[in-house]
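# Structural overview for review
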Amino acid sequence: MNSSQLLGITTFSYLFASILYAIIFIFKAKKLGIVATFFTITAFLIQTAGLFLRWKESYEIGYGHAPLTNMYESVVFFAWVITLLYLLVEWKFKTRIIGTFTVPFAFLAMAYGSFATGINKEISPLVPALQSNWLLAHVITCFIGYAAFALAAGLGVMYLIKNTSTSKATTNDETIIGTLPALQVIDDIIHKSMVFGFLWLSVGIITGAIWADSAWGTYWSWDPKETWSLITWFIYAITLHARYTRGWGGVRIAWLAIFGFFAVLFTYYGVNFLLSGLHSYGSS
Amino acid sequence: MLLLLRWLKLFSIPISKHRTPRVLLVSSLNWPAPTIEPHTLKQIVRISETLILPTTTQRSHKARMFTKNPFFKFFSSVKLALSTLCLLSLTSIIGTVIPQKESSSWYIENYGEFTASIFQILSVPDMYNSWWFLGLLGVLSLNLVICSIDRFPGVWKQIKADNLAIDLKRLPKMSLQKTWSSNLNIEDLRKGLSTIMTSKGWTTEERQHGDNLLLFSQKGALSRAGVYVVHTSILVIFLGAIIGEIFGFKASLMLPETHQTNIVYETGTGTPIELGFTLRCDRFDIEFYDNGMPKAYRSDLVVTENGIKTDEKSIVVNDPLKYNGLTFYQSSYQGYQDFLLTVTDQESKVVETVILPFQEQTTLSKHNVQLGIINAQSIGQTTSKMKVWFKDDSGSASVFWLDAGDQTTIERNGRKYTIAGKQLYATGLQIAKDPGVWVVYVGCGLMILGLYVAFFMSHRRIWLLLRETDKETTILLCGSTNKNKTGFTSQFTSLCTELEAKSKNHGKNSV
Ligand code: HEM
């Protein structure tokens, strides 16, 4: 068994888990809930093993570095953090429906990593610029932030779905929508995820700046990736202020959570493929 | 990990499909309120949980400084902050789509004369340093300063408030409160209850209000200042950037092996800058992985002052040399067609190094030998092997192949020479002087600290009011927090249970 097999299994397990969560939601098949959770946990454990194995393999080849250094490894890590955060939320809130809107993100990230063209899955050595512990700190912190924002966006979609149907006043506990948590609760988790993500994104941007400074002597050079991470940071800062000081909540914040996540995606993927910059390592 | 746990603590609202029906809170002006049974307390907790959202509605109106002056009013408004942040986000996109700092002819070529001239007028080619972008950052800073001056005094008052002076009528109106009575006397209760509180980290102060004894304890009062730490940190970062801009510079340098310099050239302008010391590069090496990717670029740098070596370091990317406030970064290199040869006479141990152009012969003065490279193998810019021609005064020349970066020892009539050869490189260095970088990092640290405090800490206050009547003592416990009501509610509930147990303990355990 090698790491790419394990990560391949992970992709399909996340797909299966996503389908299970969808079934629970659409067919109100609550009894399947425990199965979905079990599957997600299994997939998560397989993925964890896969990541560690990949780490070990990189040492066997003689390159020796944590699996966080190219586009493929970063999407795998992204999926891993999304699942971890989701499982924590599920455990804390004892509700599985949220999985319908968040586990697919983990699957999509894995699927993108596995099947998209132009993604190099090889374990490759680190070019000199990437040989830094600040890089590790940077990638880890950024992706925790991104994953929290993914969660917030998934919950944003959930909020909007629940809200549209609630306003039609057809809802009771027997309908599909009724199984979703109360709007206030969703709103609250969205907010908390964004707060959490904002803190980590801030740390991510800062560690990135420290890395740039130790490698090139400039902590901020306005390259497109840096600039987009700052734009994303601004968007969430605006969202938090709108909530704290202008009392925004509910639908508006749900939309902002989704909108903010598009900025995250653009920072993450868009910049690599549509714009050019220092972070070109991500495009291989 | 700690943060992860804190985050989980934030998530402490139970999900219930059925909202707890609204019940009037047990609060009335004619305190003491009726005794509440434990299950009722639970209900109160529930209700307060469902009532806490959203957070914004809970904000108290704080004293503000600027309510009249229109200038200050404008610059203290959050609306302005939101607009500025939106504008910054939108305009920042321009510089990520239109390449920056190209030559003016480049813009004409790619965008046409007319568009290029508009770009020049609006400083688009260097938009992040343009007057309007810096202006936006200036507005943001001014906004932050004035907003803080406007609000901080009010917040500071809350932090420093004398909470024992509270109007007692307000206590029973708090959302978290519980009343019970005990047949212990007020003095025993005071001692017993404050001991429990202290053991839980709630150190109490107390004050007599007529017949009533008021105890108060708080945690995290300073957390109210967290937001202001975040806002200040942004200004600190800006300050650091400005210091770097004014007192620092960026320069670059191509320094061939064995050469030295005391002048570098400013990036962009090319202005020469005196270092005040001499920098020499003894050697530059590239290491490769098996698959041909570069593994390390390494320059052996030596600093001398007045001919005396004062520092040396083998630098690689991500590990620069710092000297006298300047930092030297490994940034690029250049390969020459010349060779760097070092000859060591094994008997006398005399070492001599020469730079040798391809297919030229030279004489080493110390050794009295002649030397030349008569052939070489290269892949692209990189020479991998060289054919050395070597002759001293004893007989015909030796000719041999030498791998670049390697050395070999030859024997000629009893004399041994070790010859090391490599392609000549120049190391490309970035030089940065940035006295503001530490200010920036302090700002970053403050930001993280401030965000943590603002997001994850809360100002929690607990009052305990004791009143002795004929036979018994009535106890009112109430609490308030500015954030994370659920977390506080459970703390409050468990404290409540303990205090209640203690006061009903008929003096067995009381101090
Ligand atoms: C990018 C820049 C900014 C960042 C990162 C930032 C950060 C924050 C954060 C994290 C909070 C949340 C505090 C809480 O948990 O209650 C906050 C609140 C606030 N911010 Fe900012 N802020 C920024 C710019 C501004 C500006 C320019 C203003 C100017 C008016 C401003 C005014 C406020 C106000 C009034 C609050 C609410 C304070 C309170 O609730 O007591 N912020 N800010």
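Residues numbered from 1 in each chain as written. Chains lettered and ligands numbered in written order. Predicted model: local features only at pLDDT ≥ 70, side-chain atom pairs only at ≥ 80, totals over all residues. Heavy atoms only, no water.

## Comments concerning the sheet that holds strand β15 (residues 398-403) of chain B
Residue and element names in this part refer to chain B. Ordered by their spatial adjacency, 4 strands build an open sheet running β12-β13-β14-β15, and the pairing between neighbours is antiparallel. Across the chains shown, the open sheet's two edge strands, defined by having one partner strand only, are β12 (361-364) and β15. Between one strand axis and the next, the sheet turns by 30° as a mean value, whatever way the strands run. As defined by bridge partners, strand β14 (residues 382-391) adjoins β15 across 6 bridges and the pair is classed as antiparallel. Across the sheet, Met386 pairs through a bridge with Leu402, a residue of β15. (Pairing = 2+ DSSP bridges. Helix = DSSP H or I, 4+ residues; strand = E, 2+ residues; numbered from the N terminus. Axes fitted to C-alpha atoms, helices over the stretch in contact; angles between N-to-C directions.)

## A short note on the coordination of the iron atom of the ligand
The protein atoms that coordinate the iron atom of the ligand are His241 of chain A (NE2) and His231 of chain B (NE2), at distances spanning 1.8 to 1.9 Å. Around the iron atom of the ligand sit 6 donor atoms; with metal-centred angles ranging over 86 to 179°, the donor geometry is octahedral. Residue His241 of chain A is located in helix α7 (residues 224-246), and its partner His231 of chain B is located in helix α9 (residues 226-247); the two belong to separate chains. Looking at His241 of chain A, the relative accessible area reads 25%, which means it is partly exposed. Residue classification places His231 of chain B among the buried residues on the basis of a relative accessible area of 15%. (Donors = N, O, S within 2.8 Å, 3.2 Å for Na, K, Ca; no water. Tetrahedral: all angles 85-135°; square planar, octahedral: opposite > 155°, others 65-115°. Buried < 20%, exposed > 50% of the residue type's maximum accessible area, 1.4 Å probe, protein only.)

## Here's the deal with the pattern of salt bridges
All names here are of chain B. Scanning all chains against the criterion turns up 18 salt bridges over all chains. Measuring nitrogen to oxygen at the nearest pair gives 2.3 Å for the salt bridge that ties Glu257 to Lys422. With Glu257 in the loop between β4 (249-256) and β5 (260-266) and Lys422 in strand β17 (residues 415-433), the pair connects residues that are 165 residues apart, well separated along the chain. For the pair Glu257 and Lys422, a shared accessibility class is recorded, and that class is buried. A salt bridge links Asp319 to Lys313; its shortest N-O distance comes to 2.9 Å. Overall, the relative accessible area of 34% leaves Asp319 in the partly exposed class. The class for Lys313 is partly exposed, based on a relative accessible area of 27%. (Salt bridge = Lys/Arg side-chain N within 4 Å of Asp/Glu carboxyl O.)

## Re a nonpolar patch on the surface
A contiguous nonpolar surface patch, about 420 Å² in accessible area, is contributed by Phe114, Ile118, Ile121 and Leu122 of chain B. Relative to the elements of secondary structure, Ile121 of chain B occurs in helix α6 (residues 113-121). (Patch = residues over 30% accessible without salt bridge, like charges linked within 9 Å, V, L, I, M, F, W, Y side chains within 5 Å. Areas by Shrake-Rupley, 256 points an atom, 1.4 Å probe, with all protein chains shown as cover.)

Nothing here speaks to function; it is geometry throughout.
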